[in-house]
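# Examination of the molecular architecture
As a plain string of letters, each chain reads:
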Amino acid sequence: MESLGAGLQTHTLNHLTELQHLASTLIAKQSSIEQQNQELSALRKQVLQLLKRKADLESALKAIEVKESTTPQDSLSTNRLSKRAREELSSQLQKSGPQDAKRRNLGQIAEAYRLAGQTLFELDDDFIGIRIETFHAGRYYERYYVVLDHTADQSSLFIHRHTIPHFIALQPLAIRLLNKDISKFMDRLSDQLNAFVFRREELKSIESTHADIIKSVSATPAFTYIKLVCFLRSTRKEAEIYLIFDDLSGSLPTQATVVTFPVDGSSTAAEREAVRDIRKGERLRGCEDMFLSMPMAEAFGAFVAKIQSENGRQ
């Protein structure tokens, strides 16, 4: 009996030893997992900081660089407004004396980053936020947001939520650029959003400035197709202007059609427009070139002035 009891005790001690060893191994593994999670979280924060730093530097470079090109197309590109802001900033810096150099260096990056209108920031639960600001004629308009999340293996980013208008193909843009060059993704998105605001506000400017002659205005939600009908008093004609923007990043139309029709006074503007055949109107190709080379509001003003001037000489 004594030998049996001793054997049981030995077996029990051996079993307890194995359990203790197993517990120690599990504790070590748990500690290793926790350490790996901490390291992974730290790496993710470092990656985010690097992305933010990269975006800051690229925004600063874009904002302080003044391009020498002064061709009409260049000055009216989708970066037209930000370029004007950059030139204004550059002019102010050049006017400052040498004694202001230190202050300029300290404030230059912050000012440039603000002008760029793009922000990358961290949200709760390790989400990443992108903010795009839109502006036109020196005034800020809507802000748009994209919230990014990581895949389960932390290998890539994907769009979690956003406030981008439906007519902008956000997902294809993200597939093409988001995980390859996030700064370029932000640039392309900003181009399309600012071009949309540019087209919208230019049309609003026409409607407010020329309210006395505008008869009707129609446009798609993205303002990539615009139709204007106006009454030209000096010629007793109505003009129909059709503008098409094939590129969502475009501030200038890719197609423009301007046609005039005589007004007989026996019908309303709506009735005339409903039965009018564009093929029977007088095509003003010279005026179409204005809309293809100038911002919409400027082109419309030049068009009206040209018609009035020609009629005055007759």
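Residues numbered from 1 in each chain as written. Predicted model: local features only at pLDDT ≥ 70, side-chain atom pairs only at ≥ 80, totals over all residues. Heavy atoms only, no water.

### Points about the overall build of the protein
Helix and strand counts for the protein come out as nine helices and nine strands. When each of the 314 residues of the protein is scored for burial, the buried share is 37%. The long-range share in the protein, meaning contacts at least 24 apart out of those at least 6 apart in sequence, stands at 48%. For the protein, the accessible area works out to roughly 18700 Å², and carbon and sulfur atoms hold 53% of it. (Helix = DSSP H or I, 4+ residues; strand = E, 2+ residues; numbered from the N terminus. Buried < 20%, exposed > 50% of the residue type's maximum accessible area, 1.4 Å probe, protein only. Contact = heavy atoms within 4.5 Å. Areas by Shrake-Rupley, 256 points an atom, 1.4 Å probe, with all protein chains shown as cover.)

### Details of the sheet that holds strand β5 (residues 214–219)
Ordered in space as β5-β6-β7-β8-β9, the five strands form an open sheet in which the pairing is antiparallel. Lying at the two open borders of the sheet, with one neighbouring strand each, are β5 and β9 (282–283). Bridge count for strand β8 (residues 255–262) against β9 is two bridges, and the pairing is antiparallel. Across the sheet, residue Val259 finds its bridge partner in β9, namely Arg283. Strands in contact with helix α6 (residues 182–209) are β5 and β6 (225–232); relative to β5, the strand with the most contacts, it is inclined by about 165°. (Pairing = 2+ DSSP bridges. Axes fitted to C-alpha atoms, helices over the stretch in contact; angles between N-to-C directions.)

### A short note on a positive patch on the surface
A grouping of Arg176, Lys180, Lys184 and Arg188 is seen on the molecular surface, where their side chains present a positively charged patch. For Arg176, the position within the fold is in helix α5 (residues 170–177). We classify Arg176 as partly exposed; its relative accessible area is 46%. (Patch = residues over 30% accessible without salt bridge, like charges linked within 9 Å, V, L, I, M, F, W, Y side chains within 5 Å. Salt bridge = Lys/Arg side-chain N within 4 Å of Asp/Glu carboxyl O. Lys, Arg positive; Asp, Glu negative; His and termini not counted. Charge placed at Lys NZ, Arg CZ, Asp CG, Glu CD.)

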